[in-house]
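Working through the structure, step by step
If you want the building blocks of each chain, they are given just below.
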Amino acid sequence: MTTTFTLNEAPLDYGSFIGADGMQHPASVLDLWSDQDLETIGVARVVTLPTLAQIKASLKASVDRRAEIERGRYITPGAGQAMTYQAKAAEAQHYTETDGAGDYPLLTAEVGVTGATIADVAAVVLGMHGQWQLIGAQIERARLSAKAVIDAAEDEAAARAVVPDWPAP
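Remember, it's a predicted structure, so these values are computed and weren't measured experimentally. (Residues numbered from 1 in each chain as written. Predicted model: local features only at pLDDT ≥ 70, side-chain atom pairs only at ≥ 80, totals over all residues. Heavy atoms only, no water.)

The subject of this paragraph is the packing of aromatic side chains. All told, the structure shown has one aromatic pair when counted by the stated rule. On the basis of an interplanar angle of 80° and a centroid distance of 5.3 Å, the ring pair of Tyr 95 and Tyr 104 is categorised as edge-to-face. For Tyr 95, a relative accessible area of 17% corresponds to the buried category. (Phe/Tyr/Trp six-rings, centres within 6.5 Å; stacked < 30°, edge-to-face > 60°. Buried < 20%, exposed > 50% of the residue type's maximum accessible area, 1.4 Å probe, protein only.)

What the three strands build is an open sheet, ordered E2-E1-E5; its pairing is antiparallel. With one partner strand each, in any of the chains shown, strand E2 (10–11) and strand E5 (43–48) form the two edges of the open sheet. One ladder, built from two bridges, connects strand E1 (residues 2–7) with E2; its direction is antiparallel. Opposite Thr 6, over in E2, you have Pro 11 as the bridge partner. (Pairing = 2+ DSSP bridges. Helix = DSSP H or I, 4+ residues; strand = E, 2+ residues; numbered from the N terminus.)

This paragraph deals with helix H5 (residues 118–152). An ideal rise of 1.5 Å per residue puts 51 Å on 35 residues; H5 measures up with 50 Å between its terminal C-alpha atoms. Considering only its buried residues, H5 is in contact with helix H2 (52–72), helix H3 (79–97), helix H4 (105–109) and helix H6 (156–160). (Expected span 1.5 Å × (residues − 1). Contact = heavy atoms within 4.5 Å.)

Bringing the pattern of salt bridges into the picture now. Per the stated rule, a full pass over the model turns up 11 salt bridges. Between Lys 60 and Asp 151 there is a salt bridge; the shortest N-O distance is 2.8 Å. Residue Lys 60 is found in helix H2, and its partner Asp 151 is found in helix H5; the two are separated by 91 residues along the sequence. One salt bridge in this structure joins Asp 64 and Lys 147, with 3.0 Å as the shortest N-O distance. Within this pair, whereas Asp 64 is found in helix H2, its partner Lys 147 is found in helix H5, the two being separated by 83 residues in sequence. Owing to a relative accessible area of 29%, Asp 64 belongs among the partly exposed residues under this scheme. (Salt bridge = Lys/Arg side-chain N within 4 Å of Asp/Glu carboxyl O.)

Before going further, it helps to examine the packing of H2 against H5. One way to put it is that H2 packs onto H5 with a least axis distance of 10 Å and a crossing angle of 170°. When the axis of H2 is compared with that of H5, the two are roughly antiparallel. Residues Lys 56, Leu 59, Lys 60, Val 63, Asp 64, Ala 67, Glu 70 and Arg 71 of H2 pack against Trp 132, Ile 139, Glu 140, Arg 143, Ala 146, Lys 147, Ile 150, Asp 151 and Ala 152 of H5. A class-by-class count of the residues in the contact of H2 with H5 yields eight nonpolar, no polar and nine charged. (Axes fitted to C-alpha atoms, helices over the stretch in contact; angles between N-to-C directions. Parallel < 35°, antiparallel > 145°, perpendicular 65-115°, else oblique. Nonpolar A, V, L, I, M, F, W, Y, C, P; charged D, E, K, R; others polar.)

Here E1 runs beside E5; their pairing, made up of six bridges, is antiparallel. Residue pairing in the sheet places Leu 7 in a bridge with Val 43 of E5.

This part takes up the side chain of Lys 147. Look at Lys 147 and you get buried, because its relative accessible area is 19%. In this structure the side chain of Lys 147 is engaged in a polar contact, spanning 3.0 Å, whose partner is the side chain of Asp 64. Apart from the residues within four sequence positions on either side, Lys 147 is in contact with Lys 60, Val 63 and Asp 64. (Polar contact = N/O pair within 3.5 Å; in protein donor to acceptor, adjacent residues only side chain to side chain.)

Any functional reading would require information beyond the geometric quantities listed.
Below you can see the structure in the form of C-alpha cells.
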C-alpha cells in the first residue's frame, strides 16, 4: 500500500507547501494528520493498493529470502564461505581423479583437523558436498515450485496461501 498526498489534484512532494488555508505546512508530517485535518487545508490522502503483480513479486522475494534461511540451517552463510566450499569440493574431486597428483592448498590446510591425511580430508569434503547437493536440490525445488505456484495464482489470497515445502532437517 502506498500513500501519497495531493493539493488541488496535483501531487505533493515532501518538503513544505502552501495549503488552501494560505498557511505553509510541512509535508513530512502529513501521514500523522487525520483526513478531516487534511481536508481543512485542501489536501487529499491517496492510498494506492499494490497490484497482484506487485504482491506476487514481494511474495516471491520472500520465498527467496526464506530459502536462504533454510540453506543456512545446513551451511555456513556468506559468499566467501560458499566459494571456499566450492573450491574444496573441486580440489577433493581433482584429488580423487588424479590419485593425489597436484597441489591441494585447501585440503592440506585441513590435515590434522578434518582428517589425518589429505585423502581423509578429501573423503570428508566429498561426503559433505554430496550431502549438500541432496539437501540443496530439495531446497531449490521447494523455492522454485513455490514461486511457480505464486506466479500461477489468480488472486491475492491464492498467492498468499503458498507455503514452500522445505525439507525436514
